[in-house]
Amino acid sequence: MTTSIDQLELKRVLGGLWGSQDPAAATLEIVKRGVRGEEAMLIDGELVTASDGRTFDNINPANGQVIGAVADAGAADVDRAIAAARRAFDETNWPNDPDLRRHCLLQLHEAMVEATDLFRAIAVTEIGAAVRSTNTFHSDWPISSIPYWADMATGFDYEHTLPDRPWAAGTRHLIRHEPIGVVAAITPWNFPLQTAMTKILPALAAGATVVLKPAFQTPWHATLLAKLIAEKTDFPAGVINIVTPSDNAVAERLALDPRVDLVHFTGSTAVGKKLMADASQRVARVALELGGKSANILLEKADFATIVPQAAGVVSMNAGQGCVLPTRLLVPRARYDEAKELARITFENITVGDPTDPDVIQGPQISKVQQDRVLGLINQGVNDGATLVTGGSTPEGLEAGYFVEPTLFADVDPSSTIAQREIFGPVLAMIPYDTVDHAVEIANNTTYGLAGYVWGDEDEALAVAKRIRSGMVAVNGGFFYGHDVPSGGYKESGLGRESGVEGFQEFLETKVIAVGV
């Protein structure tokens, strides 16, 4: 079968995935002048360098060059940050003053709106995010969520009385929701601002205090946040602390310290398990948003010519470094060749290169380590017998950075490494199925359960969505992110939820007060 795609339509589809060129001009003006990130951390209300004076280099993954320095927090710095957060929670009125919390959050919103293009430029420079994609998860969406959390601070029903019941005669039951205490928020490098804000905003709105530890590969979004908080808001000293250690052993102190009440982590499943084990030694609460190996199921009646370019193209967004990306494409066997050709054409039209180029869709991997990991798993796919349709190596002319070609595999064994392991790169595994039951079986055949995608007749697609064992499922292009939409996974994809009321309640304890009457 010969399959073709209208090139203008393909360009429109690929260009519209996760962003547009609209914000590029102002952002690029900052990039051209040279982005100078902040070095200082925020501890106990002060912008500080590391106590021993150490720094580490921030690296631009598009060219491997050093772009600046960041304070390298040591054990003493992390200890001071935890102590400050503990004192702020125990000795100030922050947990009991929702009006102050709302006021400070709205100040932060105003400051971050003014700095939006700088956050976008930082994303281009330290993540390698394509400039055209920086107006979504890397800036506008997390910033626009702040008023929602400010409203939650004062609008949530923190206390209510249960109605009278025959079996509770003589007792009035008062249910209280109280802030959990000190939160250690540990975030990854792929969408650093988004993941930081989905932790610190509800935590602060709930009355908790926070120590934020960003990934050492992407520290500047956090140090800019530190500067804005210190200089443009009235957050009391110690309520929000930001530390930037390069050593994971130093960061691990956040999970081990008995003064920390909740460890809230986004990142790999392996690290999440380690932090969970650390916190279990003192029965501390954990919330984990971990890896995924999401299946994208195309049903027989789906519009393949429209959907396959979207389903394939999205895998290259953020260079494939996203835990919810649909990296397994499940297609009816009768239409498999058609879908494979559509996916091949799509992948070969994805522009890879300098993320400051507004026409580029895919930038680099975050580091040489990540690039080598992705290329190694691609080789594993070939060795396991999958058909390499296109891609599979470093793009010609881009050897200076950490780039990987958009890579399409066909004829993938559902139990093979590339169908089971989270690659975190621009790699798509195409798998044929025989029946809808077979498709659901393949989709659920993974230790992960973060997200899923289904396309086709709405009633049939909804029926399939309800059978997928994951915390989020998109039907016919639905979008499962929003300030008020709880997100999270099943199985080894995590514990707890982020965003919405359910995400807010992660930062609250529930107390029952029984009053005799």
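What you see is a predicted model; the values in this text were computed from it and never measured.

Asker: Before we go on, may I ask you to explain the UniProt feature "active site" (unreviewed entry) in the chain in this structure?
Answerer: Mapped onto this numbering, the UniProt entry annotates "active site" (unreviewed entry) at Glu289. Not counting residues within four places of it along the chain, the set of residues in contact with glutamate 289 comprises Phe265, Thr266, Gly267, Cys323, Leu450, Ser493 and Glu498.

Asker: Looking at this structure, how should I read the nonpolar core?
Answerer: Core analysis: the largest hydrophobic core is formed by 61 residues, its most contacted members being Met112, Ile200, Phe235, Ile240, Ile242 and Phe504. Sort the elements by how many residues they give to this core and helix 8 (residues 192–206) lands first, with nine residues. If we ignore the near neighbours within four places in the chain, the residues touching phenylalanine 504 are Trp149, Met152, Phe156, Tyr158, Pro202, Ala205 and Ala206. Counting 40 residues, the second largest nonpolar core, distinct from the first, contains Ala123, Val314, Cys323 and Leu428.

Asker: What's the story with the sheet that holds strand 6 (residues 171–179) in this structure? I'm lost.
Answerer: Pairing between the strands of a sheet is mediated by backbone hydrogen bonds and can be parallel or antiparallel. Strand order in the open sheet formed by three strands is 5-6-22, and the pairing between neighbours is antiparallel. In this open sheet, the two strands that pair with only one neighbour each are strand 5 (159–161) and strand 22 (508–516). Across the sheet, the mean angle separating the axes of adjacent strands is 20° when strand polarity is ignored.

Asker: Please explain the packing of aromatic side chains as it appears in this structure.
Answerer: For any pair of aromatic rings, geometry is given as the distance between the ring centres together with the angle between the planes. Scanning the entire structure with this criterion turns up 16 aromatic pairs. When the ring of phenylalanine 137 is compared with that of tryptophan 141, the centres are 4.6 Å apart and the planes differ by 80°; the resulting orientation is edge-to-face. Judged by its relative accessible area of 31%, tryptophan 141 is partly exposed. Ring geometry for tryptophan 149 against phenylalanine 504: centres 6.2 Å apart, planes inclined by 20°, an arrangement best described as stacked. Taken together, the positions of tryptophan 149 in helix 7 (residues 146–155) and phenylalanine 504 in helix 19 (residues 500–505) put the pair 355 residues apart, joining distant regions of the chain. Just as tryptophan 149 is buried, phenylalanine 504 falls in that class too. Taken together, Phe137, Trp141, Phe191, Tyr453, Phe479, Phe480 and Tyr481 form an aromatic cluster joined through their ring pairs.

Asker: For this particular structure, what's the right way to read the pairing of strand 15 (residues 407–410)?
Answerer: In regular strands, side chains alternate between the two faces of the sheet. Residues Thr407 and Phe409 point to one face of strand 15 and Leu408 and Ala410 to the other, with burial holding for every one of them. Here strand 14 (residues 387–390) runs beside strand 15; their pairing, made up of three bridges, is antiparallel. Bridging from a neighbouring strand, threonine 390 pairs with leucine 408 of strand 15.

Asker: Would you explain the side chain of lysine 199 in this entry?
Answerer: The residue lysine 199 is located in helix 8 in this model. Reaching out from lysine 199, the side chain makes a polar contact with the side chain of histidine 264 at a distance of 3.1 Å.

Asker: It is not clear to me how the pattern of salt bridges should be interpreted in this structure. Could you clarify?
Answerer: If the charged atoms of two oppositely charged side chains come close together, the side chains can form a pair. Scanning the model with the defined rule gives 26 salt bridges in all. Notably, a salt bridge pairs arginine 259 with aspartate 79, separated by 2.6 Å at the nearest N-O pair. With arginine 259 in the loop between helix 11 (253–256) and strand 10 (262–266) and aspartate 79 in helix 3 (residues 75–91), this pair connects stretches of sequence that are 180 residues apart. Judged by its relative accessible area of 23%, arginine 259 falls in the partly exposed class. As a salt-bridge pair, arginine 120 and aspartate 117 come within 2.9 Å of each other at their nearest N and O atoms.

Asker: Looking at this structure, I do not really get helix 2 (residues 24–33). What am I missing?
Answerer: Since there are 3.6 residues in each turn of an α-helix, residues three or four apart along the chain are aligned in direction. Here helix 2 has its buried residues at Ala24, Thr27, Leu28, Ile30 and Val31. Mapping the buried residues of helix 2 onto a view down its axis gives an arc of 155°, with all of them on the same face. Exposed residues on helix 2 whose side chains face more than 90 degrees from its buried face are Ala25, Lys32 and Arg33. The inward-facing, buried residues of helix 2 contact helix 5 (116–127). Immediately downstream of helix 2, the backbone of glycine 34 shows phi near 100°, a positive value.

Asker: Explain a negative patch on the surface to me, please; I cannot follow it from the model alone.
Answerer: On the surface, Glu300, Asp457, Glu458, Asp459 and Glu460 cluster together to form a negatively charged patch. Relative to the assigned elements, glutamate 460 resides in helix 18 (residues 458–465).

Asker: Can you walk me through the packing of helix 2 against helix 5 in this structure?
Answerer: Orientation of helix 2 relative to helix 5, taken along the N-to-C sense of each, is 65°, at an axis distance of 8 Å. When you trace helix 2 past helix 5, the crossing you get is right-handed. Together, Ala26, Thr27, Ile30 and Val31 of helix 2 and Asp117, Leu118, Arg120, Ala121, Val124 and Thr125 of helix 5 make up the contact between the two elements. Broken down by class, the residue content of the contact of helix 2 with helix 5 amounts to six nonpolar, two polar and two charged.

Asker: Is there a simple way to explain the environment of glycine 291 in this structure?
Answerer: Position of glycine 291 relative to the elements: it lies in the loop between strand 11 (285–289) and strand 12 (295–298). On a C-alpha basis, the gap between glycine 291 and leucine 450 in space is 7.2 Å, while along the polypeptide they are 159 residues apart. Residues within four places of glycine 291 in sequence aside, it is in contact with Gly267, Thr269, Cys323, Glu422, Tyr448, Leu450, Glu492 and Ser493.

Asker: Any chance you could explain the domain arrangement of the chain here in plain terms?
Answerer: Reports often express the size of an interface as the amount of accessible area lost when the parts come together. Domain assignment breaks the chain into domain 1 (22–290 + 493–516) and domain 2 (292–475). Taken over C-alpha atoms, the centre of domain 1 sits 31 Å from the centre of domain 2. In this complex, domain 1 contributes 27 residues to the contact, which on the side of domain 2 involves 26 residues. Carbon and sulfur atoms make up 61% of the surface buried where domain 1 meets domain 2, a total of about 2,000 Å² over both sides. Looking at the side of domain 1 facing domain 2, the largest losses of area belong to Pro61, Trp189 and Ser493, adding up to 26% of the total buried there.

Asker: I'm lost on the UniProt feature "domain: Aldehyde dehydrogenase" (unreviewed entry) in the chain in this one. Help?
Answerer: Within this structure's numbering, the places UniProt gives as "domain: Aldehyde dehydrogenase" (unreviewed entry) are residues 50–513. Note that residues 50–513 is 38% helix and 20% strand, and that its end C-alpha atoms are spaced 45 Å apart.

Asker: Even after reading the chapter, I still don't get the pairing of strand 6, so can you show me in this structure?
Answerer: Two strands pair when backbone bridges link them, and strand 5 and strand 6 are joined in this way by three bridges, in the antiparallel orientation. Along strand 6, the bridge assignment pairs histidine 160 with isoleucine 175. Bridge analysis of strand 6 against strand 22 gives nine bridges, and the strand direction is antiparallel. Within the sheet, the bridge partner assigned to threonine 171 lies in strand 22 and is glycine 516.

Asker: Quick question: what am I supposed to make of unusual backbone geometry here?
Answerer: In terms of backbone geometry, most residues other than glycine have negative phi values and most peptide bonds are trans. Its identity is not glycine, yet valine 283 carries a phi of approximately 55°, on the positive side. The exposure class assigned to valine 283 is exposed, which follows from its relative accessible area of 74%. Notably, asparagine 476 is not glycine yet its phi reads approximately 50°, a positive angle. Within the secondary structure layout, asparagine 476 lies in the loop between strand 19 (472–475) and strand 20 (490–491).

Calculation rules
Residues numbered from 1 in each chain as written. Predicted model: local features only at pLDDT ≥ 70, side-chain atom pairs only at ≥ 80, totals over all residues. Heavy atoms only, no water. UniProt positions renumbered as here; feature names shortened; annotations may be inferred. Contact = heavy atoms within 4.5 Å. Core = buried A, V, L, I, M, F, W, Y, C linked by side-chain atoms within 4.5 Å. Buried < 20%, exposed > 50% of the residue type's maximum accessible area, 1.4 Å probe, protein only. Helix = DSSP H or I, 4+ residues; strand = E, 2+ residues; numbered from the N terminus. Pairing = 2+ DSSP bridges. Axes fitted to C-alpha atoms, helices over the stretch in contact; angles between N-to-C directions. Phe/Tyr/Trp six-rings, centres within 6.5 Å; stacked < 30°, edge-to-face > 60°. Polar contact = N/O pair within 3.5 Å; in protein donor to acceptor, adjacent residues only side chain to side chain. Salt bridge = Lys/Arg side-chain N within 4 Å of Asp/Glu carboxyl O. Arc of directions from axis to C-beta. Patch = residues over 30% accessible without salt bridge, like charges linked within 9 Å, V, L, I, M, F, W, Y side chains within 5 Å. Areas by Shrake-Rupley, 256 points an atom, 1.4 Å probe, with all protein chains shown as cover. Lys, Arg positive; Asp, Glu negative; His and termini not counted. Charge placed at Lys NZ, Arg CZ, Asp CG, Glu CD. Left-handed = near helix turned anticlockwise from the far one by under 90°. Nonpolar A, V, L, I, M, F, W, Y, C, P; charged D, E, K, R; others polar. Domains from an automatic or database assignment. Buried area = accessible area lost by both parts, 1.4 Å probe.

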